[in-house]
Amino acid sequence: MDLFVVPILVAALVVVFLVAASVRIVPQARRYNIERFGRYRRTLQPGLNLVVPVADRVNTKLDVREQVYSSTPQPVITEDNLVVNIDTVLYFQITDPRAAAYEVAHYLQAIDQLTVTTLRNVIGSMDLEKTLTSREEINSRLRAVLDDATGKWGIRVNRVEIKAIDPPHTIKEAMEKQMRAERDKRAAILHAEGDRQAKILTAEGTKQKDILEAQGTQQAMILRADGEAKSVELVFQSIHRNNADPQVLAYKYFETLPQIARSENNTFWVIPGELTEAVRTVSRAVGDHTGAGAPRSTPTGGTGDADGAGDADGTPAVPAAPGVALDAAAATGEAARQAAAAVHDAKAEAEAAMPPHGGGRPATGG
């Protein structure tokens with residue numbers, strides 16, 4: 001009985017081993033390369049797979065998902081002989097597990113070395129400034145070269161990115177100084193533009209202000225001139241409408257003389273030649289009015305001219321007459337004397353104000 005149990009147990013164990021050895025479960029996104037007696041047989045797909053025990057074995061297990069590989073910074077010389085350290089990042093995917101396992105050994109190392117050599121070829125034809133500003137061009141050229149080289153390895157390079165470009169420390173300082181100078185330049189230009197705009201606006205405002213003030217002054221002068229013209233026109237019309245005679249005009253002339261004499265800052269002034277004629281006109285007018293009421297009389301011992309002229313001092317003589325005519329004559333004579341006194345005082349003040357060398361002298365018009 002025991003002799004049959006042992007072989008059965010041994011046979012059962014062998015069967016279990018063979019079954020276990022013939023079943024392979026492949027996870028999702030994985031590929032297994034199977035070799036039979038050391039020769040590539042097939043690639044197992046995800047799921048349950050059966051293989052020949054003992055004869056078949058799994059050589060490589062590959063991940064067919066997109067993978068990321070970051071290389072170490074590599075020194076690269078630019079066209080202007082500057083050494084920069086460039087760090088790249090690769091995004092690749094295994095498309096053919098058999099080629100990735102049997103066409104190249106250590107495909108990651110192969111990709112890394114190919115990336116470095118291609119990068120040195122690309123950067124070697126660019127200067128530092130172009131290298132820093134042409135990352136898209138560098139990425140495109142790297143991807144084209146790597147994709148063409150890794151295609152026979154069963155690997156597709158989806159994307160190549162330059163993670164960092166580190167120039168030397170001295171170059172960084174020079175670049176910072178250049179950037180600072182550029183910013184200072186832009187700030188100075190903006191400040192100058194602001195000052196220019198401010199000055200232009202200020203000038204425009206001053207121009208508009210001057211124009212408006214000139215227009216206001218012009219309008220005021222026009223209105224003032226219109227007012228004076230209308231005033232003169234009204235006075236002229238009033239005089240002609242009331243038929244004013246020369247006696248009234250001469251009397252108004254006498255009223256104006258004291259104002260001329262009292263004017264300040266007059267060191268030189270002219271006595272009109274019509275003064276005597278105005279006095280005679282007033283005296284003649286008074287004499288005519290008195291003659292209408294009573295005969296004209298001449299004081300005893302006095303001499304009078306035909307025109308009713310005055311005394312020796314130039315004051316016109318006013319004949320005596322009763323009533324209103326006598327009052328008018330007295331008022332006229334008083335006005336004439338006041339005018340003569342004002343003229344005399346003005347002459348004295350002018351002579352006193354003249355310089356010691358006789359710089360100014362009143363002139364009498366004839």
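For the structure, see preceding data.
In this report, the structure presented in the accompanying data block is examined. Model, not experiment: these values are computed from the prediction.

### What to know about the nonpolar core
Then step 1. The biggest cluster of nonpolar side chains holds 28 residues, and the ones touching the most others in it are Ile 86, Tyr 107, Ile 111, Leu 119, Ile 138 and Ile 155.
Then step 2. Elements that contribute at least two residues to this core include exactly β8 (83–94), α3 (107–123), α5 (135–150) and β9 (155–166).
Then step 3. For this core, the leading source of residues is α3, giving 7 residues.
Then step 4. Setting aside residues no more than four positions away along its own chain, Tyr 107 makes contact with Gln 67, Phe 92, Ile 94, Ala 100 and Ile 155.

### Observations regarding the pattern of salt bridges
Then step 1. With the rule as written, the count across this model stands at 7 salt bridges.
Then step 2. For Asp 63, the salt bridge goes to Arg 30, with nearest N and O atoms at 3.6 Å. Of this pair, Asp 63 sits in strand β5 (residues 56–63) while Arg 30 is found in strand β2 (residues 30–36), placing the two residues 33 residues apart along the sequence.
Then step 3. Judged by relative accessible area, which is 17%, Asp 63 ranks as buried.
Then step 4. Here Arg 30 falls in the partly exposed class, since its relative accessible area comes to 28%.
Then step 5. Among the ionic pairs, Arg 196 bridges to Glu 193, the shortest N-O distance being 3.8 Å.

### Comments concerning the pairing of strand β3 (residues 39–44)
Then step 1. When β2 meets β3, the two strands line up antiparallel, connected through 5 bridges. Bridge pairing in β3 links Tyr 32 to Leu 44.
Then step 2. The hairpin turn running from β2 into β3, its antiparallel successor, is 2 residues long, and Phe 37 in that turn takes a positive phi close to 55 degrees.

### Observations regarding unusual backbone geometry
Then step 1. The phi dihedral of Phe 37 falls on the positive side, at around 55 degrees, and the residue is not glycine.
Then step 2. Its location among the elements puts Phe 37 in the loop between β2 and β3.
Then step 3. When its relative accessible area of 70% is taken as the criterion, Phe 37 is described as exposed.
Then step 4. Even without glycine at this site, Asn 81 takes up a positive phi of about 60 degrees.
Then step 5. By secondary structure assignment, the location of Asn 81 is in the loop between β7 (74–77) and β8.
Then step 6. According to the relative accessible area criterion, Asn 81 is exposed, its value standing at 65%.

### Looking at the packing of aromatic side chains
Then step 1. According to the stated counting rule, one finds 2 aromatic pairs in the structure shown.
Then step 2. Their ring planes at 65 degrees and their centres at 5.5 Å tell us that Tyr 40 and Tyr 102 sit as a pair that is edge-to-face. Of this pair, Tyr 40 sits in strand β3 while Tyr 102 sits in helix α2 (residues 97–102); the two residues are 62 residues apart in sequence, bridging distant segments of the chain.
Then step 3. Centroid distance Phe 92 to Tyr 107: 6.2 Å. Interplanar angle 70 degrees. Geometry classified as edge-to-face. Pair noted here: Phe 92 is in strand β8 and Tyr 107 is in helix α3, with a separation of 15 residues, a long-range link.

### A short note on a positive patch on the surface
Then step 1. A surface patch of like charges, here positive, comprises Lys 177, Arg 180, Arg 183 and Arg 186.
Then step 2. Position of Arg 180 relative to the elements: it lies in helix α6 (residues 169–241).

### Some details on the packing of α3 against α5
Then step 1. Direction vectors running N to C along α3 and α5 enclose 140 degrees, while the axes themselves pass 10 Å from each other. Taken as axis vectors, α3 and α5 run oblique relative to one another. Relative to α5, the crossing made by α3 is right-handed. Between α3 and α5, the contacting residues are Ile 111, Leu 114, Thr 115, Thr 118, Leu 119, Val 122 and Ile 123 on the first element and Ile 138, Arg 141, Leu 142, Val 145, Leu 146, Ala 149 and Thr 150 on the second.
Then step 2. In the contact of α3 with α5, the residues fall into 10 nonpolar, 3 polar and 1 charged.

### Considerations on the sheet that holds β2
Then step 1. One open sheet holds the 3 strands; their spatial order is β3-β2-β5, and the pairing between them is antiparallel. Here the strands that pair on one side only, and so sit at the sheet edges, are β3 and β5. The average angle at which neighbouring strand axes cross in this sheet is 25 degrees, direction not considered.

Parameters and conventions
Every residue gets a number counted from 1 within its own chain, in the order that chain's sequence is written. Only residues with pLDDT of at least 70 get local features here, since the model is predicted, and only at 80 or more are side-chain atom pairs given and counted; chain-wide, interface and lining totals rely on the full set of residues. Just so you know, side-chain values use all the structure's heavy atoms and leave hydrogens and water out. As used in this record, nonpolar core signifies buried Ala, Val, Leu, Ile, Met, Phe, Trp, Tyr and Cys residues forming a set joined through side-chain atoms within 4.5 Å. The buried label goes to any residue with under 20% of its type's maximum accessible area, the exposed label to any with over 50%, and the partly exposed label to all in between, with areas taken from a 1.4 Å probe on protein chains only. Per the convention used, a helix needs a DSSP run of H or I reaching at least four residues, while a strand needs a run of E reaching at least two, with both numbered from the N terminus. Here a residue-residue contact requires only that any non-hydrogen atoms of the pair lie within 4.5 Å. Here, a salt bridge means any Lys or Arg side-chain nitrogen found within 4 Å of an Asp or Glu carboxyl oxygen. Between any two strands, at least two bridges found by DSSP are needed for them to pair. What counts as a ring pair is set by centres within 6.5 Å for rings of Phe, Tyr and Trp (its six-membered ring), and what kind of pair is set by the plane angle: stacked under 30 degrees, edge-to-face over 60, tilted for all other angles. Note on patches: the residues involved have over 30% relative accessible area and no salt bridge, like charges join within 9 Å, and the nonpolar side chains Val, Leu, Ile, Met, Phe, Trp and Tyr join within 5 Å. Each accessible area is a Shrake-Rupley estimate made with a 1.4 Å probe; only the visible protein chains count as cover when residues are assessed. Charge assignment: positive for Lys and Arg, negative for Asp and Glu; neither His nor the chain ends contribute. In this description, the location of a charge corresponds to atom NZ of lysine, CZ of arginine, CG of aspartate or CD of glutamate. Only the stretch in contact is used when a helix axis is fitted, and all axes are lines through C-alpha atoms; the angle between N-to-C directions ranges over 0 to 180 degrees. Working definition: roughly parallel below 35 degrees, roughly antiparallel above 145 degrees, roughly perpendicular at 65 to 115 degrees, and oblique for all remaining angles. Throughout, a crossing is termed right-handed when the near helix is turned clockwise from the far one, and left-handed when it is turned anticlockwise from it by less than a right angle. Residues are grouped as follows: Ala, Val, Leu, Ile, Met, Phe, Trp, Tyr, Cys and Pro are nonpolar; Asp, Glu, Lys and Arg are charged; all remaining types, including Gly, are polar.

Structural measurements only, silent on function.
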